Amino acid sequence: MATFDPYRKWLGIPSEEQPADHYRLLGIGLFESDPDVIANAADRQMMHVRSFQGGRYAALSQRILNELSAARVCLLDPQQRAAYDAKLKATLTAHFAAAHPAGPPASPPPASPPLAQPASFGAPPASPPSGAAPPPPQPAPVVPISTGRSATRPPSTRRRNNDWHVAMLVLGVLAVGALTLTFLLATGTNDQRPPNNPQPRVDRPVDVSGRFRPLDRPRTRSRTARSRRPSVPADDASAPSPRQAEFSRAAPSQEAADSGELRHGEMLTLHGHSGPVRSAAFSPNGMFAATGGDDTSLRLWDIAAGRELRQFPGADGAVLAVAFSPDERSLLALTEQGGEPGHGAILSWVVGIGGDPTPLSVAKGQRVSCFAIAPDGQHAAVGCDDGTIRLVDLTSQAELHAFPVHAGAVRGVVFSPNGSLLVSCGDDGEIVAVTPNTGDEVRRFSGHDGAVCAIAVAPDGNTVVSGGRDRTVRFWRLDSGEQRAELYGHDEEVNDVAFTPSGEHVVSVGQDGKLIVWHTDAPRKAFQFDGLGGPIQAVALDPDGKHAVLSGHDGVVRLIGLAPPPGAPAEDGDDSHTLDFLAGDAGAAQDPHDAAEPDSEIPSEPREPPPAIANLAACRDRSNRAALLNHYGGDAETEAAVQHALAWLAEHQMPGGYWSFNHQGPGQAKRSANPGTLEKAPNAATALALLPFLGAGHSPRQGGYRRNVLEGAIFLRARIVPVAPDGGTLYERQADSMPSHAMATCTLSELMAVTADAQTLGAAQAAVNFIVNTQNPDGGWSRTPKPPGEQPDPSTLFATAWNVSALQTARWAGLRVPESQMKLAEAWFDNMLLPDESGFPRRSGSSRADPTATADGLLAQMYLGRQPNRPELTRFVATVAENGPATNGYFYRNLRTSQILREVGGQPWTTFSTALRDHLLATQAQSGPERGSWYTDAEAWGNHEGGRLFCTAMAALILQTYYRHPPLDQQ
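Procedures and definitions
Residues numbered from 1 in each chain as written. Predicted model: local features only at pLDDT ≥ 70, side-chain atom pairs only at ≥ 80, totals over all residues. Heavy atoms only, no water. Helix = DSSP H or I, 4+ residues; strand = E, 2+ residues; numbered from the N terminus. Contact = heavy atoms within 4.5 Å. Areas by Shrake-Rupley, 256 points an atom, 1.4 Å probe, with all protein chains shown as cover. Disulfide = S-S within 2.5 Å. Salt bridge = Lys/Arg side-chain N within 4 Å of Asp/Glu carboxyl O. Buried < 20%, exposed > 50% of the residue type's maximum accessible area, 1.4 Å probe, protein only. Phe/Tyr/Trp six-rings, centres within 6.5 Å; stacked < 30°, edge-to-face > 60°. Expected span 1.5 Å × (residues − 1). Axes fitted to C-alpha atoms, helices over the stretch in contact; angles between N-to-C directions. Parallel < 35°, antiparallel > 145°, perpendicular 65-115°, else oblique. Left-handed = near helix turned anticlockwise from the far one by under 90°. Nonpolar A, V, L, I, M, F, W, Y, C, P; charged D, E, K, R; others polar. Core = buried A, V, L, I, M, F, W, Y, C linked by side-chain atoms within 4.5 Å. Pairing = 2+ DSSP bridges.

**Q** Even after reading the chapter, I still don't get the overall build of the chain, so can you show me in this structure?
**A** Check the secondary structure of the chain and you find 22 helices and 33 strands. Restricting the contact set of the chain to residue pairs at least 6 apart, pairs at least 24 apart contribute 61%. Accessible surface for the chain amounts to roughly 34,200 Å². Of this, 49% is attributable to carbon and sulfur atoms.

This is how it looks when you write it as structure tokens:
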């Protein structure tokens with residue numbers, strides 16, 4: 001029987017990486033210096049390991065706890081950490097020198113096919129079979145990219161050293177933030193990613209159900225927090241576990257189907273609470289959500305990243321309600337301190353710091369049940385079981401008034417948007433509106449049969465909605481007290497209700513596990529959503545009204561998309577959606593498969609001059625993309641085709657967040673034909689797949705596919721192998737002809753342009769530095785770059801062109817690219833040009849111009865600053881204008897040619913782009929699993945190796961040529 005390995009089972013550290021260093025044990029980046037990061041990671045790891053203290057592995061648990069404690073103490077002490085880091089760096093340098101002795105230079109590789117990956121840079125191991133997550137890269141070199149924070153994941157395999165001390169330290173080089181990547185979103189329960197921190201767990205279902213009108217109205221902040229009905233005991237055997245909770249399809253109503261409403265779906269499940277979750281709140285900026293529950297924990301979640309940011313200590317009783325202050329600086333919670341009646345408190349934390357809270361005792365002697373923060377952020381109203389509402393001054397920490405309002409316990413309380421009224425509901429079945437300063441009753445609503453459990457006021461202050469034990473949702477006029485509607489749909493008690501910020505819809509949740517969306521103009525059901533793991537205690541909506549966070553009795557926090565989730569499969573026959581930046585809201589995802597009618601306002605020929613755009617960030621701006629599309633001749637049809645392609649790419653993203661050229665594998669929504677033969681290039685496949693998303697304006701922070709982009713970005717950052725103090729490589733030795741590193745550098749640079757975060761900046765600049773440092777003395781690049789001091793392989797046009805494209809993309813993104821290196825490359829291309837100026841040969845020594853090589857070389861020269869009036873360029877333009885695009889599967893050549901002709905402009909561009917556009921629109925798959933994709937069984941570069949994923953990404957990039965890059969004459 002195999003020996004039980006607690007490091008692997010509990011902390012995700014495989015045997016090849018044991019014994020682990022301090023950073024690996026805590027699951028943080030190598031040389032992390034932020035005390036908060038270190039302390040939070042240590043607390044998280046220790047809390048998880050403590051869960052194994054009471055069983056057969058109690059002794060092992062205690063031993064690991066001691067090691068975690070020692071690591072925590074060492075890394076939190078600056079002097080100890082400095083000594084530890086110095087020893088680590090010295091040993092790493094010595095080990096690298098021993099592992100890479102000087103030797104005779106490798107023999108040059110064959111001249112074709114172009115660009116293999118380096119064997120001498122510690123390249124990653126071969127990728128696993130399709131569907132399995134690729135292992136992180138093997139160790140190469142020397143020191144990490146930087147000593148700051150890192151998001152890279154540790155490698156799962158590496159060379160063992162007989163000296164365990166050395167092995168421990170070497171393993172630390174690539175153990176960069178493994179467990180901080182818990183926000184990588186797994187698909188359902190099929191988590192194919194490398195081991196990671198088991199808490200909190202994040203799941204991302206792939207199914208969707210129902211339809212809904214897009215909730216893309218002006219933002220209105222919601223500042224209320226309400227109490228929930230006391231949960232049933234956590235050990236109730238009838239309550240499904242998080243893994244038992246299924247995502248069921250709720251059939252949309254015929255009315256919804258006929259009205260062309262958008263689907264929504266469960267996008268994310270967040271695990272961490274150990275008991276029922278009572279309350280939830282979105283931050284006013286919509287980036288974070290806070291939840292509290294019976295386990296006395298208050299947790300802050302990064303919604304975009306799908307991870308827990310921190311826990312807020314200080315509550316020693318159930319957290320009944322949570323709310324953010326209007327200025328977003330504070331997080332407040334109503335708690336039962338000590339878990340006993342009559343010991344209520346409002347606890348306040350600084351969101352960005354955490355630490356110990358500022359406590360404010362309230363309603364002494366009475367059991368508290370709910371609270372709300374006033375719009376001015378200075379006051380809070382607390383509901384009590386004795387039927388009173390207590391108004392509290394949060395600044396002076398004084399209780400100002402106590403209003404007797406209800407004959408039974410207060411179940412919910414909320415301020416009107418302007419703060420002039422305080423509306424509450426209670427066990428007496430009444431809804432009451434009073435003035436906050438005096439407690440004078442303004443309006444009383446009666447009609448529910450039994451307790452009223454939840455209350456909300458519309459953003460315009462004119463409508464009140466309530467949910468009750470009688471399973472109804474009711475609408476009331478605040479000015480007259482008249483009941484507008486009595487709606488049925490829930491099978492059990494309604495626990496919470498909330499208006500969307502636009503006021504056009506109401507969301508209700510209940511004990512039956514349903515989420516129901518109601519129209520408010522003529523109150524009626526829009527649709528419902530079932531199968532959410534049992535009773536739902538609370539719901540909170542983001543400021544856009546497009547996402548809901550649900551607090552579940554099962555201890556799971558769920559993010560529900562009220563607009564279509566990324567990559568949602570479409571239903572045939574639904575043609576209701578318009579294009580993103582052409583006719584819709586840029587932030588709202590559309591059904592990507594639905595065809596769009598051409599926008600009549602978009603000209604088929606260029607009319608206006610292009611906007612002044614000099615960098616990638618400006619190209620990703622919605623209005624600039626539209627202007628460039630108009631100017632260069634794109635239209636709604638080309639954008640619809642791009643949206644179809646993005647949908648196909650999203651559907652074929654692997655569970656670990658990466659893409660594979662062999663796109664068939666477990667966890668895929670559809671099994672398309674024509675996978676590529678190259679399974680060992682996840683870096684290249686991921687980089688190439690991400691480029692069309694980035695070109696269409698999606699990023700880790702915005703757009704309907706932001707989660708797909710986020711997962712891919714995290715994967716790429718995690719795959720970087722550090723080389724020298726300032727460089728890192730994404731080359732894949734087994735990737736054959738795919739220029740993995742250059743592709744990934746382009747993608748990281750584009751990510752940097754749209755995110756500007758420190759981790760992406762470090763990764764992108766390191767990738768750029770690697771290209772700069774591996775340039776050959778003649779100014780070109782070889783297929784297999786060599787470390788400094790080794791004899792380089794001959795430069796090739798294909799490798800040099802790709803690296804120049806990567807450096808140009810980096811310049812557009814604002815990264816550091818030495819001008820001297822670009823001048824060297826310019827001279828290299830001048831030397832490669834054939835004497836008759838007919839173009840560029842495929843390989844050095846050939847006397848015949850190759851069309852693809854010529855397109856590569858001419859575009860590279862344009863990037864390097866050569867003017868467009870050169871004879872070789874004029875001849876090339878005339879030839880392609882006369883012959884048209886290569887319609888026999890030459891996607892890559894057509895992409896490069898399109899980029900050249902867009903810069904040349906005029907009739908050659910119009911003629912060529914129109915013909916190529918029509919060809920691509922006619923050959924895009926229109927049905928079945930392949931819908932939205934391209935594939936041509938031709939001998940052109942990349943088609944067989946990259947398969948349908950390669951062809952689809954290339955075709956989408958061609959259709960984005962109109963706006964992907966800034967015009968070169970405007971730099």
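**Q** What am I meant to see in the state of the cysteines here?
**A** Here, the word disulfide means a covalent bond between the sulfur atoms of two cysteines. This structure, assessed with the given rule, holds zero disulfides. Free cysteine Cys 453: the closest other cysteine sulfur is in Cys 425, separated by 7.2 Å.

**Q** Where do I start with the pattern of salt bridges in this structure?
**A** Think of it this way: side chains of opposite charge can pair up when their charged atoms draw near. This model, assessed by the stated rule, comprises 28 salt bridges. A salt bridge links Asp 521 to Arg 524; the shortest N-O distance between them is 3.4 Å. The exposed category is assigned to Asp 521, whose relative accessible area is 60%. Three or more residues joined by partner-sharing salt bridges are found here, namely Arg 411, Asp 427, Arg 469 and Glu 493.

**Q** Please clarify how the packing of aromatic side chains should be interpreted in this entry.
**A** Tallied over the entire structure, the rule returns 19 aromatic pairs. With a centroid separation of 6.5 Å and an interplanar angle of 85°, the aromatic rings of Tyr 632 and Trp 909 are classed as edge-to-face. Of this pair, Tyr 632 sits in helix α10 (residues 622-632) while Trp 909 sits in helix α21 (residues 906-923); the two residues are 277 residues apart in sequence, bridging distant segments of the chain. For Trp 909, a relative accessible area of 4% translates into the label buried. Here the aromatic rings of Tyr 892 and Trp 941 are separated by 5.0 Å at their centres, their planes lie at 70°, and the arrangement is edge-to-face.

**Q** I would appreciate a short explanation of helix α12 (residues 682-695) in the present structure.
**A** An α-helical turn contains 3.6 residues, so a residue and the one three or four places further along point in the same direction. With 14 residues, α12 ought to run about 20 Å at 1.5 Å a step, and its terminal C-alpha atoms sit 20 Å apart, in line with that. Among the 14 residues that make up α12, 14 are buried, leaving the element largely enclosed by the rest of the structure. Positioned one or two residues after α12, Gly 697 has a phi angle of 95°, which is positive.

**Q** Is there a simple way to explain the packing of helix α20 (residues 891-904) against helix α22 (residues 943-959) in this structure?
**A** Each pair of packed helices can be summarised by the angle the axes make with each other and by the distance between the axes. The contact between α20 and α22 brings their axes to 9 Å, and the two run at 25°. The pairing of α20 with α22 is recorded here as roughly parallel in orientation. As for the relative orientation of α20 and α22, their crossing is left-handed in sense. Contacts from Phe 891, Tyr 892, Asn 894, Leu 895 and Ser 898 of α20 reach α22 at Asn 943, Cys 951, Met 954, Ala 955, Leu 957 and Ile 958. For the contact of α20 with α22, the class distribution of residues is eight nonpolar, three polar and no charged.

**Q** Looking at this structure, I do not really get the nonpolar core. What am I missing?
**A** Nonpolar side chains in soluble globular proteins tend to be buried together. Counting 111 residues, the largest nonpolar core has Phe 661, Met 738, Leu 748, Phe 829, Trp 934 and Trp 941 as the members making the most contacts within it. With sequence-adjacent residues up to four places away left out, Trp 941 is seen in contact with Ser 737, Met 738, Pro 739, Met 743, Phe 798, Trp 802, Tyr 892, Phe 950 and Met 954. Within the second largest apolar cluster, 24 residues are counted, among which are Leu 11, Ile 13, Leu 68 and Leu 88.

**Q** Looking at this structure, how should I read the sheet that holds strand β14 (residues 379-384)?
**A** Across a sheet, paired strands are connected by hydrogen bonds in the backbone, their directions being either parallel or antiparallel. Strand order in the open sheet made by the four strands is β13-β14-β15-β16, with antiparallel pairing throughout. Of all strands in the sheet, those bounded by a partner on one side alone are β13 (368-373) and β16 (398-404). On average, each strand axis in the sheet is tilted by 20° relative to the strand beside it, whichever way the strands run. Pairing geometry for β13 and β14, over five bridges, is antiparallel. Bridge assignment links Phe 371 to a residue of β14, and that residue is Val 382.

**Q** Looking at this structure, how should I read the side chain of Thr 897?
**A** Positionally, Thr 897 belongs in helix α20. On the basis of relative accessibility, which here comes to 2%, the residue Thr 897 falls in the buried class.

**Q** Sorry, what's going on with unusual backbone geometry here?
**A** Keep in mind that most residues, glycine aside, have a negative phi and that most peptide bonds are trans. Its identity as a non-glycine residue notwithstanding, Asn 674 has a phi of 65°, on the positive side. Among the secondary structure elements, Asn 674 is positioned in the loop between α11 (636-651) and α12. Overall, Asn 674 belongs to the partly exposed group, its relative accessible area being 27%. One non-glycine residue with positive phi stands out, namely Glu 837, at about 60°. When you line up the elements, Glu 837 lands in the loop between α17 (819-832) and α18 (851-863).

From the geometry alone we can't say anything about function, so treat these as descriptive.
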